[in-house]
Structure formats: structure tokens, C-alpha cells
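An overview of the molecular structure
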Amino acid sequence: TVTKGNSSIVVAVLDTGIDPTHPKMAGKLVNGYDFVGGDGDPREEGSRANFGYGHGTHVAGLVLLAAPDVNIMPLRVLDPEGFGNMWVLAEALRYAVDPDGNPSTNDGADVINMSLGTFRRTDLFDDLIDDITCESEDDDDDDDDDDDDDDDQRCLQTGGVVVIASAGNGGDSVPQYPAAEPDVTGLIAIAASTENEYLADFSTRGPWVRLSAPGDKIYSTVPGSHSQPGGDHGTWSGTSMAAPLVAGAAALLRAKDPTLKATDITARLISTATKICGGAPDRVDAAAALELLPKQNDVTCTSTAVSTYLPLVRR
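Attention in this report is confined to the structure presented alongside it. The structure displayed is predicted, hence computed values, not measured ones.

With that settled, consider the pattern of salt bridges. Tallied over the entire structure, the rule returns 11 salt bridges. A salt bridge links Lys28 to Asp69, with the shortest nitrogen-to-oxygen separation between them at 3.8 Å. With Lys28 in the loop between strand S1 (10-15) and strand S2 (33-34) and Asp69 in the loop between helix H1 (55-66) and strand S3 (71-76), the pair connects residues that are 41 residues apart, well separated along the chain. Look at Lys28 and you get buried, because its relative accessible area is 19%. Note that Arg121 and Asp126 form a salt bridge whose closest N and O atoms lie 2.6 Å from each other. Look at the salt bridges and you will find they share partners, linking Asp34, Glu45 and Arg76 into a network.

Here you go:
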């Protein structure tokens, strides 16, 4: 009714790659890169015998479920088992915001989704995500600062990139990064909620986790197989599945109002979310964020039941 997004809005999916032959991806992909293999073909590698195979395709499908008319920039940063390293991730983040290396051309992503994490915090991610979200723009015109002038120019043009990151599947409050990067309002850490509006028991939680989204038994796209060529679908659980639904909602907001800064978008998503049960972070409400409907009333909690379904992919 308000927007389904549009082809000028790009969501970068930093993950295991993507199945470009899946019918749901037809006409939805912009050029990406394989930072694991070092080439321009970021397709999923491996097979269903590999733990992480299909993860990126599942995540990308959920972005498109929330925002059907946006485009996906697939960036492969994880191997078929779902492992990567921070240097590869840092390279991909830089690529996502400026693929051609020219800050005067606006060819970067509007939203970045990272359904991945590490327990190790680094200054590298601190500074990089701060730059990407344009958290601290340099307002003066002297050169006696540590800011990158290219970043300043990009921030003036774009208002920053919204960064969405899954909180993790530890079932505890141990911070995982980059989701737990402190004091970056252009970034949101996402927990997983269940169908009965509770926090999923596998979901990482804590004061740094700002929103929930559905993440338990979520149906989306996966690569095809010999028995199902041309794309398939599957049901997975995890905060990995919750994050792209919020990334899609952020893309809808940017499509509706391209003048919104990254920090404006994250603030809107948080302020219009609905309170749910069991101490969970508020659950995203795309309709309220887009001002289609007023903010929903808090959920009435009639059960203490939580999910006992273990995530198939632990991100």
C-alpha cells in the first residue's frame, strides 16, 4: 500500500553467497563479489553436506520477502561451513558502501545485512561501522582531523548506510560482534522472536539488542538440488533469519523517503516497534514504521512458553 521498495534501493547481504539461478532472485541481483574466492562470482559453493550451504540464499530471500522490489548485492564472506575472518568482512563492508572506489558516484548499498558474528571485538569494526553509518560526520572544512574525506563526501550524499546484524544464537547475554558494537545508532542488533511472541530460547539477548523479529521456523529460499533444480525452499531458525526481515523494513523506509539518514531509519524502526513477551526486545513493526498503521498495542502475553526448536544454522 505504501511501498514495496524499488530497484534503486540496494541491500548488501554479507554471507555465504547466493544461488543466482534461484527464480526468486531473477532480476533482483546487482554486481557483488566473492571475498573468499577472490573473484566476481559470489555464488554459494559446496553442497547440502556443508553446514553453512544455502544460508546466504535463505537470508537474501527474507530481505525480498519484506521488500520485494529492492535489489540484492551478494557479497560472499563465509565459506560453505559458515566460517570467515574479520579482514574479509572488513573488505566486504568497504566494498558494500563504495563498490567502484569513487565516492562521487552513489553506487553503494543503502542497507547492509550481516547474519553472522564473532565473540571478538576489534577497533577495526568500531571505526568502520561508525564510518559506514555516518555516525560522526565531520562538519568543518579543515584537514586537521582523522576523518576520511571520502567518507565525509559519501555521507553528505547518502546519509549513511543502515547496518543490521544478527545478535547471535548463544541463548545467553554474551555480546557478539559486530551486532554489539557500542554507541552506533545507525546499527541495530536483532534478536529472534517466536510465533507466540516470545524471545526464542536460542536467541542471544542483552541491553545492546534493540529489536526482535521472527526467527523461529522461518521459510525462505535455498539453493536447488538434483531432485529440485532451479531453486528450492527450506525452513531454518536463528537470529540470522530475523535480521534480514528488519533489513527489508529498513529498505522500505529508505524507498519511501530517500532523505532519511541511517540514524533516522534505525530510530524510527525502534520507536515504532511493539512490546512482546518474556523480556524480549520490542518486535519490529514495518507498517507502523511506514506510518501505514499506528503503532500496535503491546502484545497480550497469555503463555510462558518459549521455543525449544534448535537453530539449524548457528550464527
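Now for the pairing of S3. Counting buried residues along S3, six of its six residues qualify, which places the element largely inside the surrounding structure. Residues Asn71, Met73 and Leu75 line one face of S3 and the alternating positions Ile72, Pro74 and Arg76 line the opposite face, and both faces are buried. Summarising the sheet, S1 and S3 pair through six bridges and their orientation is parallel. Residue pairing for S3: Val10 is matched across the bridge by Asn71. Pairing geometry for S2 and S3, over two bridges, is parallel. Note that in S3 the partner of Tyr33 across the bridge is Leu75.

Here we come to the state of the cysteines. Counted under the stated rule, the structure contains two disulfides. Covalently, Cys277 is tied to Cys301 through a disulfide, its sulfur atoms 2.0 Å apart. As the torsion about the S-S bond is roughly -100°, the Cys277-Cys301 disulfide counts as left-handed. Linking Cys277 in the loop between helix H6 (262-271) and helix H7 (286-289) with Cys301 in the segment after H7, this pair joins segments that are 24 residues apart in sequence. Take Cys277: its relative accessible area is 1%, and that puts it in the buried class. What makes Cys301 partly exposed here is its relative accessible area of 41%. Cysteines bonded in the protein are numbered consecutively along the chain; their disulfide partners then correspond to 1-2, 3-4.

Basis of the calculations
- Residues numbered from 1 in each chain as written.
- Predicted model: local features only at pLDDT ≥ 70, side-chain atom pairs only at ≥ 80, totals over all residues.
- Heavy atoms only, no water.
- Salt bridge = Lys/Arg side-chain N within 4 Å of Asp/Glu carboxyl O.
- Helix = DSSP H or I, 4+ residues; strand = E, 2+ residues; numbered from the N terminus.
- Buried < 20%, exposed > 50% of the residue type's maximum accessible area, 1.4 Å probe, protein only.
- Pairing = 2+ DSSP bridges.
- Disulfide = S-S within 2.5 Å.

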